Amino acid sequence: MTASVKAWLAILAAVVLLPVFVRHAIATEIWIFAIFGLGLNLLMGYTGLLSFGQATFFGSAAYVAGYLLKFYGINVFLALGLGIVVGAVSAAAVGYLCVQRSGLYFIMLTFALNQMFYFTAYQWTTVTGGEDGMPGIPRPSVLGLDIHRPLAYYAAVALLFLFSLWIMKRIVESPLGKILQAIRENELRAEALGYDVPRMKLAAFVVGGAFSGLAGVLYAMLFGIVPLESIGFVFSGNVVFATLIGGSGSLYGPVIGSFVFIWLSESVSSMWARWPLLLGVAFVIVVLFFRGGVVEAWARFWAWRAAHRAPTVAGADAPR
Amino acid sequence: MPLVRTERLTKSFGALVAVNAVTLEVEEGSLHSVIGPNGAGKTTFFNLLTGQQAPTSGRIIFDGRDIAGTPPHRIAHLGIARSFQRTSIFPTLSILDNVWLATFARQESWRGLAWRRADRYPELTRRALEVLGEVGLGEKASLLAREISHGEQRQLELAIALAAAPRLLLLDEPGAGLSPDETQKMVALVRKLKGRYTIILIEHKIDVVMTMSDRISVMHFGSVIAEGNPVEIQRHPEVRRAYLGGVVAP
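Looking only at helices and strands, one finds 9 helices and 10 strands in chain B. Taking 250 residues into account, the globule formula puts the C-alpha radius of gyration at 18 Å, and chain B, at 18 Å, falls close to it. When the backbone C-alpha atoms are referred to their principal axes, chain B occupies close to 60 × 40 × 35 Å. The buried share of chain B, reckoned over its 250 residues, is 42%.

Here's what the structure looks like:
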């Protein structure tokens, strides 16, 4: 059984078991946030572009689809499709400006443009509701199936997550995935080989934006509201945080990161108000010791175990 | 007819003229060496040819077209490939992927760019493995590029340039930092490429240059001070003074 098959089995098991142990809304949020993280990971983990503005695409999609769901009663598929398009288009616009610069300037641009979108949403109260958010987002039925019950909505989101993960797997294993990694490793050489680096980076932005957009619409329908925070920089930071903890640059990293982050923030926060402290500690440990996040820690643990087990087994056999 | 010709090619950085009115012709199928002391402008000259830097003035005629100032990724598609003096590879990718990326870039169409699995391009993989075999890395294709020795990384550097099947191959000190043993291997390798590719070679090891080159240009403070075949260059008084004799201008 290959590593990839094992990973998929583990994720399938998690999809089935999660609602048994965790509140349905939280379980749903975990997979939504994972879709969001998959998009960021293509930029941050594979292309080496630290975008601090992913909430721009997430929030824009949530507002646009939310507005149309609320006032025009569009159907679910149209809402999701629109969210993906809005995410991709806003990412194309933001990305076009950002890929002109690199390093720190790139990061600051993603952040500054995110702030611009945030304050637009904040000021444009007639449409977005400003600080109060945009409440009353309906959750229309899918092909006659009612998805108001939390478990039904959970199932729909989980399926979309699995589909998104499969799409992302195809992308990172495609030539584009390799080219993006080459750009991360050595931009100069990638260009010398004949790759139009800014355009490839833009492609990563657009794909990442599409995933963010999908996540944004699902989020709006989950809580029935588009909160102002969903387009804010804290939200952008959270997804970076979660992806780093899970393991950036590995396909499954953001999925694990989303699980850790959402589960901690939703369950521990009710017991202990200072829970971000715990996240901070986790973050420091990751940065100092496990740059590849949980995924790397896991791989190192098994390597360590294999190394320590071999002599014991031999020793146990010896006396007999 | 020359494959590439530069006409009074100049690059200046403020008051410093790194490349000064260099006019040079390289015949199709020949090996043309560029020698000169450190800081003579050889690598900058390469950077102009591959578009990494835009010339201040002058023209670069490649195959009848002026390509001066064209961005690097377009120049690569015209069929100019280079190796770098300081090893420039993709460290965390496999050796096969390093070379595969060069073969994919030169494809006419990028069909399946974002969807087909990268290992489902048998023709490209075959070509990449063939090039790796040629430079002597065939056995190590699945290792990561950062896991091999410096000498092997220099071989990989060359393989990446070759995999693009270039019409013009620019080699920037392929022997940089190699042990005598590794240098011999590299020289044998470059010798095998001679005749199959049009090559411009920058190299410091003068004996290597003298035995291999069809023509040699000598650069000094940005200008070409002499050009000719190896015998002519060895006899050239100014070259002896500026370079071979080791006496540097005041």
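There is more to say after this.
For the rest of this paragraph, the subject is the overall build of chain A. Assigned secondary structure in chain A consists of 14 helices and 2 strands. Taken over the C-alpha trace, chain A has a radius of gyration of 21 Å; the compact-globule value for 320 residues is 20 Å, and the two agree within 12%. For the C-alpha atoms alone, the extent of chain A along its principal axes is close to 80 × 50 × 40 Å. Counting the 320 residues in chain A, one finds 47% classified as buried. Considering only contacts within chain A whose residues lie at least 6 apart along the sequence, 76% involve residues at least 24 apart.

Let us now look at the sheet that holds strand 3 (residues 31–35) of chain B. All names here are of chain B. The strand order across the open sheet built from 6 strands is 6-7-8-3-9-10, with neighbouring strands paired in mixed fashion. Where the open sheet ends on each side, the last strands, each with one partner, are strand 6 (80–83) and strand 10 (223–228). Neighbour-to-neighbour, the strand axes of this sheet turn through a mean angle of 20 degrees, independent of strand direction. Sheet contacts for helix 1 (residues 42–49): strand 3, strand 6, strand 7 (168–172), strand 8 (198–202) and strand 9 (215–220); angle to strand 7, the most-contacted strand, approximately 150 degrees.

Moving on, we come to the domain arrangement of chain B. Residues and elements named next belong to chain B. Considered domain by domain, chain B is made up of domain 1 (1–79 + 166–250) and domain 2 (89–164). Distance between the C-alpha centres of domain 1 and domain 2: 26 Å. Taken together, the contact between domain 1 and domain 2 spans 10 residues of the former and 8 residues of the latter. It is helix 6 (residues 180–193) that provides the largest number of residues to the side of domain 1 that touches domain 2, a total of 3 residues.

On to the interface of chain B and chain A, then. Between chain B and chain A, the residue contacts involve 26 residues of the former and 20 residues of the latter. In terms of residue count, the dominant contributor to the side of chain B that touches chain A is helix 3 (residues 95–105) of chain B (5 residues). Taken together, the residues that form the side of chain B that touches chain A break down as 15 nonpolar, 6 polar and 5 charged.

As a further point, take helix 7 (residues 150–173) of chain A. The α-helix advances 3.6 residues per turn, and as a result positions three or four apart in sequence lie on the same side. Residue and element names in this part refer to chain A. Between its terminal C-alpha atoms helix 7 stretches 34 Å, which fits the 34 Å expected from 24 residues at 1.5 Å a residue. Among the residues of helix 7, those classed as buried are Tyr 153, Tyr 154, Val 157, Ala 158, Phe 161, Ser 164, Leu 165, Met 168, Ile 171 and Val 172. Residues of helix 7 that are buried in the fold lie against helix 1 (3–21), helix 2 (24–46), helix 8 (175–185) and helix 10 (197–223).

When you line up the elements, Phe119(A) lands in helix 5 (residues 103–123). Considered as a pair, Phe119(A) and Arg199(A) are 80 residues apart in the sequence and their alpha carbons are 29 Å apart.

This part takes up the sheet that holds strand 5 (residues 65–66) of chain B. All names here are of chain B. If you walk across this open sheet you meet the 4 strands as 2-1-4-5, and the pairing is antiparallel. Only two strands of the sheet have a single partner each, and these edge strands are strand 2 (16–27) and strand 5. The pairing of strand 1 (residues 2–13) with strand 4 (residues 57–62) spans 5 bridges and is classified as antiparallel. Note on strand 4: the bridge partner recorded for Val 4 is Phe 62. Across the sheet, helix 1 lies against strand 1, strand 2 and strand 4, angled at about 65 degrees from strand 2, the strand it touches most.

Here the focus is the nonpolar core. In this structure, Ile35(A), Val99(B) and Ala159(B) are the most contacted members of the largest nonpolar core, which totals 162 residues. Looking at this core element by element, the count peaks at 15 residues for helix 10 of chain A. When residues of this core are assigned to domains, at least three map to each of domain 1 (1–79 + 166–250) and domain 2 (89–164) of chain B.

Turning our attention to the confidence of the model for chain B. Here chain B shows a mean pLDDT of 91. Residues at 70 or above account for 97%. Both scores are given for the predicted complex: the pTM is 0.91, the ipTM 0.91.

All names here are of chain A. Where helix 7 contacts helix 10, the axes come no closer than 12 Å and their chain directions differ by 175 degrees. In terms of orientation, helix 7 lies roughly antiparallel with respect to helix 10. Across the interface between the two elements, Tyr 153, Val 157, Leu 160, Ser 164 and Ile 171 from helix 7 touch Val 207, Phe 211, Leu 214, Leu 218 and Leu 222 from helix 10. Of the residues belonging to the contact of helix 7 with helix 10, the class tally is 9 nonpolar, 1 polar and no charged.

Reading the values: the criteria
Residues numbered from 1 in each chain as written. Chains lettered and ligands numbered in written order. Predicted model: local features only at pLDDT ≥ 70, side-chain atom pairs only at ≥ 80, totals over all residues. Helix = DSSP H or I, 4+ residues; strand = E, 2+ residues; numbered from the N terminus. Rg over C-alpha atoms; globule rule 2.2 N^0.38 Å. Buried ≥ 20, exposed ≤ 12 C-beta atoms within 10 Å, placed from the backbone. Contact = placed C-beta atoms within 7 Å. Pairing = 2+ DSSP bridges. Axes fitted to C-alpha atoms, helices over the stretch in contact; angles between N-to-C directions. Domains from an automatic or database assignment. Nonpolar A, V, L, I, M, F, W, Y, C, P; charged D, E, K, R; others polar. Expected span 1.5 Å × (residues − 1). Core = buried A, V, L, I, M, F, W, Y, C linked by C-beta atoms within 7 Å. pLDDT = per-residue confidence, 0-100. Parallel < 35°, antiparallel > 145°, perpendicular 65-115°, else oblique.

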